[in-house]
Amino acid sequence: MATATEIRRDLEKYAEQLVFAADIANRYGISEARVTNWKRRHDDYPVPVFSRSMRNIWILSEIEDWVSAKGIFCENGHDLKRRSSCSTCNYYKAIRRESVI
Ligand SMILES: [Zn+2]
């Protein structure tokens, strides 16, 4: 059985990897409701390392791996909104092409 001191030491070591839904929402600039939807709608969404009273704590790297595997955002971090190519990047590419001509 770990002592309180050991638990505290280990938590401090991993603190930056332990995230709530609000932290995940901030990480991607999205609403907390959307993070909740990811969990509800996807069976393969990472399992929290800790849950109590509807509060979950996840490991950030597992969330990041899941988000990138799902292709939710383009390589520049824009929201793809279920499209296969990024309308924001395409828009700026089109503007650049026009300004070259
Ligand atoms: Zn983009």
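Residues numbered from 1 in each chain as written. Predicted model: local features only at pLDDT ≥ 70, side-chain atom pairs only at ≥ 80, totals over all residues.

**A closer look at the sheet that holds strand β1 (residues 18–19)**
This is how it is decided: Two strands qualify as a pair provided DSSP detects at least 2 bridges between them. Here a strand is any run of E in DSSP of at least two residues, a helix any run of H or I of at least four, and the numbering for each starts at the N terminus.
Read from one edge to the other, the open sheet built from three strands follows the order β1-β3-β2, with strand pairing classed as antiparallel. The open sheet is flanked by β1 and β2 (50–52), the only strands paired with a single partner. Bridging between β1 and strand β3 (residues 55–59) involves two bridges; their strand directions are antiparallel. In the strand pairing of β3, V19 is matched with W58.

**Topic: the nonpolar core**
Here is the rule we go by: Nonpolar cores are identified as sets of buried Ala, Val, Leu, Ile, Met, Phe, Trp, Tyr and Cys residues joined via C-beta atoms within 7 Å. Put simply, a residue is buried when 20 or more other C-beta atoms lie within 10 Å of its own C-beta and exposed when 12 or fewer do; between those, it is partly exposed, and each C-beta is set from the backbone. Residue pairs are scored as contacts if the distance between their C-beta atoms, which are placed from the backbone, is within 7 Å.
Listed in full, the six residues of the largest apolar core are V19, A21, I24, V35, W58 and I63. Other than its neighbours up to four places away in sequence, A21 contacts E32, V35, T36 and N56.

**Thoughts on the environment of A22**
Along the chain, A22 turns up in helix α2 (residues 21–28). Taking the C-alpha atoms as reference points, A22 and R41, separated by 19 residues in sequence, lie 18 Å from one another.

**Structural notes on the domain arrangement of the protein chain**
How we decide: The source of the domain bounds is an automatic or database domain assignment.
Its domain assignment divides the protein chain into domain 1 (4–70) and domain 2 (74–101). The distance between the C-alpha centroids of domain 1 and domain 2 comes to 29 Å.

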